[in-house]
Amino acid sequence: PWRRVAGAASRAPVRPRRRLAAPKTKKSKAKKQDDEGGGRDGSYDFFKAVIDAPRRRRPRLGEDEAARNFETGRTYNKLTRAKHCAFEARLQMKLDLQQAAVATLPPDLRKRAKSLEGVPLPPLDRRFWALTPPIPGFQPEQYEDDD
């Protein structure tokens, strides 16, 4: 379905224009939803109100309070970074001392020290702390895994 443009110098075919459907009006859409029940439950209006709620604005602070908050944040960042760096330095010192001690061993002992033979693995039924307390009456034996 090609058509030629009238009076065009080159008689190259032109693709037909695509016709778009007229947009539906809100009135007909609303009427259709009312007819079908709209598929809404009670929570729809609540969540729509939450989404459509006006955005809250951050309160404006005075210059002195903003400067004090900025300094507090900067001090906090500096101190927590120093604490982190001190922890990492202590850990790195321990690792360096361990590597130096292993390097001074004779070759046969060095090989045994670097191997993982004899290192106990954690038990497979190890229990971990959870955020919730145990469920009263729950019997894990009733829910055996097929693994």
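Since the model is a prediction, treat every value here as computed from it, not as a measurement.

Calculation rules
Residues numbered from 1 in each chain as written. Predicted model: local features only at pLDDT ≥ 70, side-chain atom pairs only at ≥ 80, totals over all residues. Heavy atoms only, no water. Helix = DSSP H or I, 4+ residues; strand = E, 2+ residues; numbered from the N terminus. Buried < 20%, exposed > 50% of the residue type's maximum accessible area, 1.4 Å probe, protein only. Areas by Shrake-Rupley, 256 points an atom, 1.4 Å probe, with all protein chains shown as cover. Patch = residues over 30% accessible without salt bridge, like charges linked within 9 Å, V, L, I, M, F, W, Y side chains within 5 Å. Salt bridge = Lys/Arg side-chain N within 4 Å of Asp/Glu carboxyl O. Polar contact = N/O pair within 3.5 Å; in protein donor to acceptor, adjacent residues only side chain to side chain. pLDDT = per-residue confidence, 0-100. Phe/Tyr/Trp six-rings, centres within 6.5 Å; stacked < 30°, edge-to-face > 60°.

(A) Up close: the overall build of the protein chain. Across its full length, the protein chain carries 4 helices and 0 strands. Counting from the amino terminus, helix and strand elements in the protein chain follow one another as α-α-α-α. Buried positions account for 1% of the 147 residues belonging to the protein chain. Taken as a whole, the protein chain presents about 16,000 Å² of accessible surface, with 57% of it coming from carbon and sulfur.

(B) Local environment of a nonpolar patch on the surface. Taken together, Phe46, Phe47 and Val50 make up a surface patch of nonpolar side chains, about 320 Å² in accessible area. Along the chain, the position of valine 50 falls in helix α2 (residues 42-52). Here valine 50 falls in the partly exposed class, since its relative accessible area comes to 48%.

(C) Expanded view of the pattern of salt bridges. For the structure shown, the criterion picks out 2 salt bridges. Salt-bridge contacts for aspartate 52 lead to lysine 48; the nearest nitrogen and oxygen are separated by 2.8 Å. Highlighted residues: aspartate 52 and lysine 48, both in helix α2, separated by 4 residues, approximately one helical turn. Judged by its relative accessible area of 49%, aspartate 52 is partly exposed. By relative accessible area, which is 40% here, lysine 48 ends up partly exposed. Put simply, glutamate 71 and arginine 74 hold a salt bridge, and the shortest N to O gap is 3.4 Å. Here glutamate 71 and its partner arginine 74 are both found in helix α3 (residues 63-103), 3 residues apart, which amounts to about one turn of the helix. The exposure class of glutamate 71 is partly exposed, given its relative accessible area of 37%.

(D) Inspection of the environment of serine 115 at higher detail. Locating serine 115 in the fold gives a position in the segment after α4 (107-114). Reaching out from serine 115, the side chain makes a polar contact with the backbone oxygen of arginine 112 at a distance of 3.0 Å.

(E) Structural view of the confidence of the model for the protein chain. The predicted model of the protein chain has a mean per-residue pLDDT of 80, with 71% of residues at 70 or higher. Averaged pLDDT values over the elements of the protein chain bottom out at 56 in helix α1 (residues 26-36) and peak at 96 in α3.

(F) Up close: the packing of aromatic side chains. Summed over all chains, the structure comprises 1 aromatic pair. Consider the rings of phenylalanine 46 and phenylalanine 47, whose centres lie 5.2 Å apart with planes at 70 degrees: the pair is edge-to-face.

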